Amino acid sequence: MIRYADIYDIPRINELGSLLNENFSQVNSINEMLNDGYSKVLVYIKDEQVVGFITATDLKETCDILHLVVDPVYRHQFIATNLINYLIGELDEHLRLITLEVASKNIPAINLYEKFGFEIVNVRKKYYPDGDDAYLMARSSE
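Keep in mind it's a predicted model, so treat the numbers as computed, not measured. (Residues numbered from 1 in each chain as written. Predicted model: local features only at pLDDT ≥ 70, side-chain atom pairs only at ≥ 80, totals over all residues. Heavy atoms only, no water.)

(A) Looking closely at the environment of Arg 124. As for its position among the elements, Arg 124 is in strand E6 (residues 119-124). C-alpha of Arg 124 to C-alpha of Phe 24: the two residues are 100 residues apart in sequence and 21 Å apart in space. (Helix = DSSP H or I, 4+ residues; strand = E, 2+ residues; numbered from the N terminus.)

Shown next as structure tokens:
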């Protein structure tokens, strides 16, 4: 089941977010995102717990996917695919562009985004703390 996150989901979102960045809860305020009016925070519930989430900034004509995380125990079960599908379905009909950044060595994620029509449009050299490059990927809805 996918639904919008609430304040009770924040601890689990932060726990999963630490898989991306050990300081996830310090650099991302999920509580603020829940209330700012332009962020979307969606969670995937399975076995009565949050097993994945996606966050995005929705500015009506453009959207930037910020985070997509699935608990490693629940990967390869189409959870990320379902979260992206749900998010796209929730976006404004006037949406023109969706963007995201992904580590260049994260081949499974790149393959997933390409299935949704995302293309690499730019490379941000040594973007991540480990020196890995980031791909800026975009999907036009025109």
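(B) Structural context of unusual backbone geometry. With phi around 65°, His 76 is a residue other than glycine that occupies positive phi space. Residue placement: His 76 occurs in the loop between strand E4 (62-70) and helix H4 (79-90).

(C) Just the pattern of salt bridges, in detail. Tallied over the full model, the rule gives 9 salt bridges. When the shortest N-O distance is used, the salt bridge between Glu 61 and Arg 96 registers 3.7 Å. You can see Glu 61 sitting in the loop between strand E3 (49-58) and E4 and its partner Arg 96 sitting in the loop between H4 and strand E5 (97-103), a full 35 residues away along the chain. Across the pair Lys 125 and Asp 133 runs a salt bridge, and its minimum N-O distance is 3.7 Å. Under the relative-accessibility criterion, Lys 125 is labelled exposed at 63%. The structure contains a network of salt bridges with shared partners spanning Arg 3, Asp 6 and Asp 9. (Salt bridge = Lys/Arg side-chain N within 4 Å of Asp/Glu carboxyl O. Buried < 20%, exposed > 50% of the residue type's maximum accessible area, 1.4 Å probe, protein only.)

(D) Molecular detail of helix H5 (residues 107-115). Burial in H5 covers these residues: Ala 109, Ile 110, Leu 112 and Tyr 113. Buried residues of H5, viewed axially, fall in a sector of 160°; they line one side. Facing away from the buried side of H5, by more than 90 degrees, are the exposed residues Pro 108 and Lys 115. The secondary structure elements touched by the buried residues of H5 are E4, H4, E5 and strand E7 (134-140). (Arc of directions from axis to C-beta. Contact = heavy atoms within 4.5 Å.)

(E) Here's a closer look at the packing of aromatic side chains. Across all of its chains, the model carries 3 aromatic pairs by this definition. Seen from their ring centres, Tyr 113 and Phe 118 are 5.8 Å apart, and the 65° between their planes marks the pair as edge-to-face. We note that Tyr 113, like Phe 118, is buried. (Phe/Tyr/Trp six-rings, centres within 6.5 Å; stacked < 30°, edge-to-face > 60°.)

(F) Representation of H4 within the structure. For H4, spanning 12 residues, the distance from its first C-alpha to its last is 16 Å, which sits close to the expected 16 Å at 1.5 Å a residue. If you follow the buried residues of H4, they end up packed against strand E1 (2-4), strand E2 (39-46), E3, E4 and H5. (Expected span 1.5 Å × (residues − 1).)

(G) Representation of the pairing of E3. Burial within E3 is extensive, with 9 of its 10 residues counted as buried. When E2 meets E3, the two strands line up antiparallel, connected through 8 bridges. Note on E3: the bridge partner recorded for Leu 42 is Ile 54. The turn linking E2 back onto E3 is made up of 2 residues, and Asp 47 within it adopts a positive phi angle of 55°. Relative to E4, E3 runs antiparallel, the two sharing 7 bridges. (Pairing = 2+ DSSP bridges.)

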